[in-house]
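Understanding the architecture of this molecule
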Amino acid sequence: MSITINGVTKRFGSFVALDNLSLDIASGELVALLGPSGSGKTTLLRIIAGLESADDGKVLFTGRDQTGVGAKDRGVGFVFQHYALFRHMTVAENVGFGLSVRPKATRPPPAVIREKVMHLLRMVQLDWTADRLPHQLSGGQRQRVALARALAVEPKVLLLDEPFGALDAKVRAELRRWLRQLHEQTGVTTVFVTHDQEEALEVADRVVVINKGHIEQAGSPDEVYANPATPFVHHFLGTVNVFHGRVHDSLAAVSESDVTFVRPHDVGIERERDETHSIAALVRGVGIAGALMRVELEREAGGRVEALLTHQRARQLALEPGQRVWVGFSEFRTYAGDSVPGGAVPDYAI
Amino acid sequence: MNSSHSEPAWVRRTLIGSALAAMAVVLVVPLVAVFWEGLAAGWQVYWAAVTDPDARHAIWLTLLAAAISLVINGVAGIAAAWAIAKFRFPGRSLLITAIELPFSVSPVVVGLLFVLLFGSHGWFGAWLQSHDVRVIFAMPGIVLATLFITFPFVVRELLPVMEAVGSEEEEAARVLGARGWQILWRITLPNVKWGLMYGLILCSARAIGEFGAVSVVSGHIRGETNTMPLHVEILYNDYQYNAAFACASVLCLTALVTLVLKAVVEWRAERALNQAKVKGGVEA
């Protein structure tokens, strides 16, 4: 089922959570709503679910206006950040709840419900927890139960609000892959909210970057990462070095009004000056950042620069703190100064 | 005993000892005395006093008023606590204060208030009389006064529990297709059942024991509008001490029963809370 969001506006008092926002989500798509806290992404998700109503604008499911259709009749599955499992019901009762509250005419008999519940629990690899209470499960297990519960009613749309936000890093990574797989199996139109750019880029077919109630950019993970439409997107999707000035021939020449963003892995380091490495800097520190090495540099002209190198390259260079090196940028992007939101961008280098 | 307490042992012993002594004088001795005096003239007198028709009627009326209060205040308390806990609306804090009003007004004033409203010279007195409805010096007045006095208990116990539980489970149920009544019976009430039980127990204890407000509106008609506490007072004023204490001991028994129930509910509620805490804890 496709979702159309048409000029939706939502205010809480004087705070504008969503500002005339429009978005089309194709049937079967897996979309991430990515943004900082307070950007309006959760509000948008709750409006799609019918848990909040828009002050203005419409939400359509396959072209049908959902205004006036309550959350219970929209046929969506919703997964909450803190699971929201029914604490006094067993895992099986939780998963079967959506089927057991149906009106008599459409309610399956208990045996059929039980069958379906066990099928879903096997799918999330938790069939052995059927008769336990939620508080006896770990966070990751609870969230899988919550997903099974949402899927039990065969929703046409699956909505997830920061589904992995309360879990630790390892479980989170596991569940991300699992969500991706699940989506491939079921093909249900899925929208999930996250503030974690890595999660959005890794899981989604399409990333919608939201800031202050409007869409900054929507596109494939490659597109938004490689071609950020705005300084906000560039900065929000990963670390950047910020230079106040315009880069000419890989030289940071000062032109006060403009701002240049360089990602740390686009910073190159050489021991000898050459055509593309012409900024003098001192090594301040070298450390491991997972699969890469992080190098902290200080330009001789002043200001810090962060670089990410492969371990192999770092060994080749044999960098030592205090050493003098030459720095160049393989990729960078310059924005007119007035398009850069103040405050949102910390200055690595001036 | 927490080892961080640095007071010397004799200070602790003195404090605990004097607290226990005070409790014995104020609580235990009178309680024992009630039973002692009630049984002083023998079991037969005791039994006769308790099974006297006036006494039986008083017991019945007391339990009836308590039962009506339980039902009405239970339903109204759930509704009020739910509205206050889940919604933000203008006048919300005023409503919370207003709900506590019966606690801060003297029961006698509450009784007079109902006489002023429904008595024969009261605001609605003439209208009620013309329709042949008796409120004051009759059962409805007693029920009204009891209702008013016991209204805050359920709300006060439910409100913090409902606020702690939050709305997410109800939202989850709604998205899964549950209707309003299904959410109430299957999600909201099971989540607050221990708080509700506790509130109802306090409500019934107070309803059974209420004297001041009921005394003003009842008119003390023996075998008609006397509740247990009023019956005890009348017997006492008639110098029938043994009978008075016998009936008083029945009241004490109901109090002891509610005390035990209260302890059980508290214990269960605490266990439920601990489980909820484990549930809320961050683990993976």
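Residues numbered from 1 in each chain as written. Chains lettered and ligands numbered in written order. Predicted model: local features only at pLDDT ≥ 70, side-chain atom pairs only at ≥ 80, totals over all residues. Heavy atoms only, no water.

**What about helix α1 (residues 9-39) of chain B?**
To be explicit about the condition: Strands are runs of DSSP state E lasting at least two residues, helices are runs of H or I lasting at least four, and both sets are numbered from the N terminus onward. Expected span of a helix, by definition, is 1.5 Å for each gap between consecutive residues, and there is one gap fewer than residues. Given a residue, its bend is the angle between the two axes fitted to the seven residues that end at it and to the seven that start from it.
With 31 residues, α1(B) extends 42 Å between its outermost C-alpha atoms, agreeing within 8% with the 45 Å of an ideal straight helix rising 1.5 Å per residue. The largest bend along α1(B) reaches roughly 40° and is located at B:A24.

**Concerning the domain arrangement of chain B**
Residue and element names in this part refer to chain B. Heads up, the rule is: An automatic or database domain assignment supplies the residue ranges for each domain. By definition in these notes, contact holds between two residues if any of their heavy atoms fall within 4.5 Å. Here the quantity called buried area is the accessible surface, traced with a 1.4 Å probe, that two parts lose on coming together, added over both. What makes a salt bridge here is a side-chain nitrogen of Lys or Arg within 4 Å of a carboxyl oxygen of Asp or Glu, nothing more.
By the assigned domains, chain B splits into domain 1 (1-39) and domain 2 (42-283). Each of domain 1 and domain 2 has a C-alpha centre, and these two points are 30 Å apart. Contacts between the two partners involve six residues from domain 1 and, on the opposite side, eleven residues from domain 2. On the domain 1 side of the interface with domain 2, the three residues burying the most area are V34, F35 and L39, jointly 58% of the side's total. Scanning the region where domain 1 abuts domain 2 turns up zero salt bridges.

**Looking at the side chain of A:K10**
All names here are of chain A. The test is simple: Only protein chains enter the calculation, and the probe is 1.4 Å; a residue is then buried if its accessible area is under 20% of its type maximum, exposed if over 50%, and partly exposed in between.
Counting through the fold element by element, K10 comes out in strand β1 (residues 3-12). For K10, a relative accessible area of 8% puts it in the buried group. With residues up to four places along the chain from it excluded, the contact list for K10 reads F15, V16, A17, L18, T43, I47, E52, S53, A54 and D55.

**Description of a nonpolar patch on the surface**
Residue and element names in this part refer to chain B. Selection rule: Candidates for patches are residues over 30% relative accessible area with no salt bridge; among them, like charges are joined within 9 Å and nonpolar side chains (Val, Leu, Ile, Met, Phe, Trp, Tyr) within 5 Å. All accessibility values rest on the Shrake-Rupley procedure with a 1.4 Å probe; residue burial counts only the protein chains present in the view.
A contiguous nonpolar surface patch, about 1,100 Å² in accessible area, is contributed by L15, I16, L20, M23, V25, V26, L27, V28, V32 and W36. Tracing the sequence through the fold places L15 in helix α1. For L15, a relative accessible area of 56% puts it in the exposed group.

**A look at the nonpolar core**
All names here are of chain A. Operational definition: Throughout, nonpolar core names a set of buried Ala, Val, Leu, Ile, Met, Phe, Trp, Tyr and Cys residues whose side chains join them through atoms within 4.5 Å.
Counting residues in each nonpolar core, the largest one holds 48 residues, and the members touching the most others are V95 and L121. Element by element, the count of residues in this core is highest for helix α4 (residues 139-152), at seven residues. Beyond its immediate sequence surroundings of up to four residues, L121 is in contact with V91, V95, L126, D127 and A130.

**Some points on the packing of helix α9 (residues 168-175) of chain B against helix α10 (residues 180-209) of chain B**
Residues and elements named next belong to chain B. Inclusion rule: Between the N-to-C directions of two axes lies an angle of 0 to 180 degrees, each axis being a line fitted to C-alpha atoms and, for a helix, fitted only over the stretch in contact. Note that the term roughly parallel is reserved for angles under 35 degrees, roughly antiparallel for angles over 145, roughly perpendicular for angles of 65 to 115, and oblique for everything else. For any helix crossing, the convention is left-handed if the near helix is rotated counterclockwise from the far helix by under a right angle, and right-handed if that rotation is clockwise. Each residue gets one of three labels, nonpolar for Ala, Val, Leu, Ile, Met, Phe, Trp, Tyr, Cys and Pro, charged for Asp, Glu, Lys and Arg, and polar for the others, Gly among them.
Following both chains from N to C, one finds α9 and α10 inclined at 165°, their axes separated by 10 Å at the closest point. Classified by the angle between their axes, α9 and α10 sit roughly antiparallel to one another. Between α9 and α10 lies a crossing of right-handed hand. Listed contacts from α10 to E169, E170, A173 and R174 of α9 are I183, I187, T188 and N191. Looking at the contact of α9 with α10 residue by residue, the classes come out as three nonpolar, two polar and three charged.

**Some remarks on the pairing of strand β3 (residues 30-34) of chain A**
Residues and elements named next belong to chain A. Which entries qualify depends on this criterion: When DSSP finds two or more bridges between two strands, those strands count as paired.
Along β3, five of the five residues are buried, which leaves the element largely enclosed by surrounding structure. As paired elements, β3 and strand β9 (residues 206-211) share four bridges and run parallel to each other. Looking across to β9, one finds that L33 is bridged to V208.

**Observations regarding the interface of chain A and chain B**
For clarity, the threshold we go by: Whenever two N or O atoms come within 3.5 Å, that pair is a polar contact, provided that in protein one can donate a hydrogen and the other can accept it, and provided that, for residues adjacent in sequence, both atoms are side-chain atoms.
Taken together, the contact between chain A and chain B spans 35 residues of the former and 24 residues of the latter. For the chain A and chain B pair, buried surface summed over both sides reaches about 2,700 Å², with 59% attributable to carbon and sulfur atoms. Together, A:K72, A:R87 and A:H135 form the three largest contributors to the area buried by chain A at its contact with chain B, with a combined 24%. If you look at where chain A meets chain B, you find two salt bridges. Taken together, the connections running from chain A to chain B amount to seven residue pairs in polar contact (both at pLDDT 80 or more).

**A few points about the packing of aromatic side chains**
Aromatic ring pairs are described here by two measures, namely the spacing of the ring centres and the angle between the planes. Residues and elements named next belong to chain A. Using the following cut-off: Working definition: a ring pair exists when centres of Phe, Tyr or Trp rings (six-membered ring for Trp) sit within 6.5 Å. Plane angles under 30 degrees give stacked, over 60 give edge-to-face, the rest tilted. Geometrically, a lysine NZ or arginine CZ counts as sitting over a ring once it is within 6 Å of the ring centre and also within 35 degrees of the ring normal.
Tallied over the entire structure, the rule returns twelve aromatic pairs over all chains. Both rings, one in F232 and one in F236, keep their centres 5.5 Å apart while their planes meet at 10°; by these two values the pair is stacked. Here F232 pairs with F236, and both are found in helix α8 (residues 231-236), just four residues apart, close to one helical turn. Comparing F232 with F236 shows no difference in burial state: the two are buried. In this structure, R149 packs its charged tip against the face of F86, placed 4.5 Å from the ring centre. Sitting over the face of the ring of Y225, R263 holds its NZ or CZ atom 4.4 Å from the ring centroid.

**Concerning the environment of A:M293**
Mapped onto the secondary structure, A:M293 falls in strand β17 (residues 292-299). What makes A:M293 buried here is its relative accessible area of 14%.

**Considerations on a positive patch on the surface**
Rule in force here: His is not counted, nor are the chain ends, whereas Lys and Arg count as positive and Asp and Glu as negative. Just so you know, the charge point we use is NZ for Lys, CZ for Arg, CG for Asp and CD for Glu.
Taken together, A:K104, A:R107, B:R179 and B:R186 make up a surface patch of like positive charges. With respect to the helices, strands and loops of the structure, A:R107 is situated in the loop between α2 (91-100) and α3 (110-123). Given the relative accessible area of 34%, A:R107 is considered partly exposed.

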